[in-house]
2 protein chains.
Amino acid sequence: MHPTRWGDPARAQALPDGARGMVELVFGVDDRPALDAAPLPPVAIDAAVLAELARAVGPANVRTDDETRRVRTRGKSTPDLLRARAGDLTDAPDAVVRPGSHDEVAAVLAIAVEHHLAVVPFGGGTAVTGGLVARRDGYAGVLSLDLVRMDRLVSVDHISMTAVLEPGLRGPEAEALLAAEGMTLGHYPQSWEFASIGGFAATRSSGQSSAGYGRFDALVVGLTVATPRGRIDLGTAPANAAGPDLRQLFLGSEGAFGVITAVTVRVRKLPEVKVYEGWRWPSFAAGAAAMRTLAQSGLLPTVLRLSDETESAINLADPAAIGAEASQACLMITGYEGEPAAVEAKRAAVTAVLAGLGGTGAGTAAGEKWAHGRFDAPYLRDSMLDAGVLVETLETATFWSNVTRLYDDVKAALTAALGEPSLVLCHISHVYETGCSLYFTVAAKEADDPLAQWRAAKAAASDAMIDAGATITHHHAVGTDHKPWFAREIGPLGVSVLRAVKADLDPTGVLNPGVMIP
Amino acid sequence: MHPTRWGDPARAQALPDGARGMVELVFGVDDRPALDAAPLPPVAIDAAVLAELARAVGPANVRTDDETRRVRTRGKSTPDLLRARAGDLTDAPDAVVRPGSHDEVAAVLAIAVEHHLAVVPFGGGTAVTGGLVARRDGYAGVLSLDLVRMDRLVSVDHISMTAVLEPGLRGPEAEALLAAEGMTLGHYPQSWEFASIGGFAATRSSGQSSAGYGRFDALVVGLTVATPRGRIDLGTAPANAAGPDLRQLFLGSEGAFGVITAVTVRVRKLPEVKVYEGWRWPSFAAGAAAMRTLAQSGLLPTVLRLSDETESAINLADPAAIGAEASQACLMITGYEGEPAAVEAKRAAVTAVLAGLGGTGAGTAAGEKWAHGRFDAPYLRDSMLDAGVLVETLETATFWSNVTRLYDDVKAALTAALGEPSLVLCHISHVYETGCSLYFTVAAKEADDPLAQWRAAKAAASDAMIDAGATITHHHAVGTDHKPWFAREIGPLGVSVLRAVKADLDPTGVLNPGVMIP
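Residues numbered from 1 in each chain as written. Chains lettered and ligands numbered in written order. Predicted model: local features only at pLDDT ≥ 70, side-chain atom pairs only at ≥ 80, totals over all residues.

A. Looking closely at unusual backbone geometry. All names here are of chain A. A cis amide bond links E420 to the next residue, P421, at an omega of -10°. Although it is not a glycine, H116 adopts a positive phi angle of roughly 55°. Looking at the secondary structure, you find H116 in the loop between α5 (102–115) and β3 (118–122). Of note, the phi angle at N512 is positive, near 40°, even though the residue is not glycine. Positionally, N512 belongs in the segment after α18 (483–505). (Helix = DSSP H or I, 4+ residues; strand = E, 2+ residues; numbered from the N terminus.)

B. Representation of the interface of chain A and chain B. Listed by partner, the interface residues are 67 residues for chain A and 67 residues for chain B. Residue contributions to the side of chain A that touches chain B peak at 14 residues, all from α18(A). Within the side of chain A that touches chain B, the residues separate by chemical class into 32 nonpolar, 25 polar and 10 charged. (Contact = placed C-beta atoms within 7 Å. Nonpolar A, V, L, I, M, F, W, Y, C, P; charged D, E, K, R; others polar.)

C. Focus on the pairing of strand β10 (residues 259–266) of chain A. Residues and elements named next belong to chain A. The element β10 is extensively covered by neighbouring structure, given that eight of its eight residues are classed as buried. Two strands pair when backbone bridges link them, and strand β6 (residues 162–165) and β10 are joined in this way by four bridges, in the antiparallel orientation. Across the sheet, residue A163 finds its bridge partner in β10, namely V265. The sheet contact formed by strand β8 (residues 220–227) and β10 spans six bridges and is antiparallel. Within β10, the position partnered with L223 by the bridge is V263. (Buried ≥ 20, exposed ≤ 12 C-beta atoms within 10 Å, placed from the backbone. Pairing = 2+ DSSP bridges.)

D. Spotlight on the sheet that holds strand β10 (residues 259–266) of chain B. Residues and elements named next belong to chain B. As summarised here, the arrangement of the five strands in space is β5-β6-β10-β8-β9, forming an open sheet in which the pairing is antiparallel. Taken across any chain shown, the strands that pair with only one partner, and hence form the sheet edges, are β5 (153–157) and β9 (230–234). Taken over all neighbouring pairs, the strand axes of this sheet differ in orientation by 10° on average, direction set aside. (Axes fitted to C-alpha atoms, helices over the stretch in contact; angles between N-to-C directions.)

E. Looking closely at the pairing of strand β18 (residues 435–445) of chain A. Residue and element names in this part refer to chain A. Summarising burial for β18: 11 of the 11 residues are buried, a large majority. Side chains G435, S437, Y439, T441, A443 and K445 project from β18 onto one buried face, and the interleaved C436, L438, F440, V442 and A444 project onto a second face that is buried too. In this sheet, β18 lies alongside strand β16 (residues 389–399) in antiparallel orientation, the contact comprising 11 bridges. Following the sheet pairing, T396 is matched in β18 by L438. Looking at chain direction, strand β17 (residues 422–428) and β18 are connected through six bridges and run antiparallel. Across the sheet, the residue bridging to V424 is V442, located in β18. What sits between β17 and β18 in their antiparallel hairpin is a turn of six residues.

See the structure below:
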């Protein structure tokens with residue numbers, strides 16, 4: 001992916017006319033073209049070191065050309081895009097190294113330790129919290145460790161319903177390989193088309209079907225990790241009492257403790273049917289209460305999402321209708337995947353609960369519309385940025401009794417910080433028995449310095465989350481952007497433990513320096 | 001509990017006549033009375049230090065009398081009992097300290113650090129892998145940190161369905177306090193009548209209703225821990241992507257990283273009905289396959305257990321019928337708890353699956369019999385030890401495709417090591433989508449040195465587990481007994497990480513020294 005844009009260039013699109021009309025109405029259009037061919041800093045790594053890397057992974061797999069370096073620069077947060085659009089590619093890696101196996105990863109790490117090179121594991125490049133922006137100072141250079149060649153479905157176990165996947169597999173590739181075995185992972189984050197298995201594990205990703213399939217960390221039953229001090233293999237049983245669960249220490253470690261070189265995941269049978277439908281609720285609170293009832297009844301569909309009044313209005317209305325007349329109904333999406341009889345039974349049970357709680361069925365058209373467009377939002381963001389509208393997302397989670405406070409506080413913080421004209425949308429994207437996540441999307445007319453504008457809003461929202469006792473991130477990870485709030489969330493002793501683990505596994509600090517650990 | 005016996009002395013019982021006849025038939029009875037009033041080693045801690053402790057927690061809460069020290073000596077493994085029965089109480093703590101709050105725990109830890117006292121957190125005293133047997137050498141003394149006074153239900157959240165519990169609450173007390181709120185934890189390990197909330201968390205306990213309520217580590221959404229370096233509070237949301245899940249580092253830490261002073265747990269509505277019933281299967285393999293089908297269909301009852309041929313024969317048969325004529329049918333227990341309609345719906349669905357797979361319903365009498373006697377086995381063990389029969393349990397877990405190998409290998413190792421006459425029984429006690437646990441009970445005629453006899457059998461079984469790629473413990477924890485095999489399970493780098501965390505949180509090593517960390 002180009003550092004200024006999301007995804008496949010062929011799918012990039014100007015704003016549809018209707019949307020452009022809406023943007024014009026709300027924000028005013030202010031075309032801001034991106035500087036797509038900005039220059040890169042010179043390669044800082046010695047030729048002798050590059051030759052050593054080439055001996056480890058093969059000459060074709062050590063790249064220093066501009067194009068290769070450019071597309072491994074940063075991730076896909078709006079600040080990442082804004083900096084790249086303004087021609088700032090100062091975070092470009094010096095070289096991109098593509099190991100083909102665990103042993104080649106280990107060999108690259110040994111070279112990195114010897115020459116004190118920072119190593120940034122790279123899967124799909126879809127990070128949105130600065131996880132690909134390693135600290136550069138004090139290092140002899142930065143390597144992007146691109147796992148693209150490690151793209152095998154290593155093995156499947158049809159009895160245990162598990163599969164061993166390599167980290168460089170992208171979402172669609174992994175699903176295609178599993179589908180040939182009659183299996184599915186069922187993990188569909190919005191970044192799914194580009195994001196990788198290793199990235200899902202390293203960031204504790206959560207997908208749009210998490211209600212049915214579980215978060216990615218719940219899917220992982222085993223891990224292999226390469227560290228500067230050697231290899232670790234974890235996962236002897238679905239669960240055990242053999243000390244702390246060390247799998248949960250490497251899940252979420254964002255490349256700071258090691259490079260995940262294989263992941264053993266729980267899989268399910270490929271669903272025979274998928275049904276998505278819409279429900280309308282008189283208010284966000286009413287819809288949220290219904291989600292809570294489902295979660296606490298053990299009656300969750302595969303997909304369960306709920307947009308607040310503003311987001312529902314944007315999604316449901318004709319662009320021209322945005323404004324005072326917009327419907328105040330909140331849109332919920334329910335989805336069911338599996339065998340036909342099980343899907344129908346679950347759907348009937350959920351339908352009875354939702355109807356009993358005051359929901360109004362809105363049919364499958366609304367559900368299909370959501371399913372059809374579920375991976376498109378990042379393309380729309382690019383078009384909005386082109387039109388001078390700042391768009392970004394952020395997310396958090398808390399326990400049910402704290403949801404209203406968290407929602408109000410974060411929304412107020414964002415609204416106050418962004419000023420007028422701005423929009424703050426929210427949906428509940430993931431539910432649990434004891435709580436849920438809140439996912440906010442904001443749009444605001446770009447200020448002269450949109451980066452500073454966004455940083456102020458992000459800081460205000462993050463303060464509101466931590467002040468409310470919620471988490472700084474439900475599924476976007478810590479990266480570099482969230483570190484100050486993450487430190488508040490886990491406290492000084494939590495930070496101390498992470499540093500101790502880091503010092504043990506990566507004594508010279510070459511692994512993704514500056515990322516995750518405050 | 002007395003160090004030579006399980007539980008409530010009033011419930012201790014001689015072997016029932018029928019059982020005694022069976023024991024006589026199989027093993028021969030060889031009465032071996034326990035030495036119940038063995039002497040204790042002198043108190044090694046200075047009076048000045050005891051006075052300092054008394055200032056921290058109150059004079060009434062620092063005890064050095066024989067009776068108090070005696071009942072805090074070791075746990076309840078068969079080796080623990082054998083040593084106590086032989087009059088060996090050398091592991092008795094020097095003093096028993098009973099803090100009443102987090103701050104008092106912290107104050108005791110500070111004194112322990114200052115005077116280099118080993119601190120053994122004590123909940124119910126039901127440990128079965130040596131978790132209460134701290135290393136003594138190099139320490140100025142051993143404190144049993146009895147959490148019995150920290151027995152409050154701190155708060156309940158009826159919206160989020162969570163509750164904050166103190167660590168000293170025993171199973172029945174916790175359930176009674178929650179029941180008054182219309183809630184249940186649903187965590188019923190065999191030790192439930194005596195074991196504590198803190199112990200459940202520190203050892204990753206799993207209960208007999210884990211299929212419905214989940215393992216204890218799955219119930220925990222928040223933790224507060226006192227360490228020599230200060231306090232840590234974890235749990236801002238049901239789940240998040242804010243780095244590694246540090247809750248999972250303290251769960252299973254067995255007192256080696258800190259003292260758990262509060263646990264926030266997910267609770268459920270108190271069930272209106274509980275139904276338990278039996279099923280018969282032509283073989284252990286057929287029953288296990290049915291369990292796997294249920295788990296992989298998302299159709300789990302609240303309780304799901306399956307005894308192998310030998311255990312079923314012991315459980316089902318008249319004692320006189322044991323032998324070649326014993327029925328080869330395997331007994332499965334299914335249990336359903338919840339609201340009547342949900343229970344009936346789940347029961348009907350499970351019944352259809354089990355009947356379709358070749359199971360034969362055995363009615364509720366078998367289920368009720370199991371439910372009635374579910375906490376009694378440890379009393380029976382005492383009676384068997386009195387009769388000169390060595391009885392012990394051990395357990396493991398693996399993925400479904402490996403269950404047959406693990407079962408065969410562990411059973412063969414135990415049988416070979418114990419020699420004749422011996423019995424090796426097994427049941428599947430906990431199931432997951434990807435695998436299950438195996439719980440073995442052995443009985444053998446006591447050799448002249450039953451401790452050495454058991455250690456050899458335990459080592460052989462443990463080797464078989466690790467050689468098969470399974471875990472050394474599904475829910476009994478590491479303690480001191482499992483350390484060599486735990487080290488093989490997580491490898492040298494896993495051990496290194498645990499030591500690094502320990503060194504960070506407990507720099508002088510006062511917390512349960514020698515326990516859990518290889």
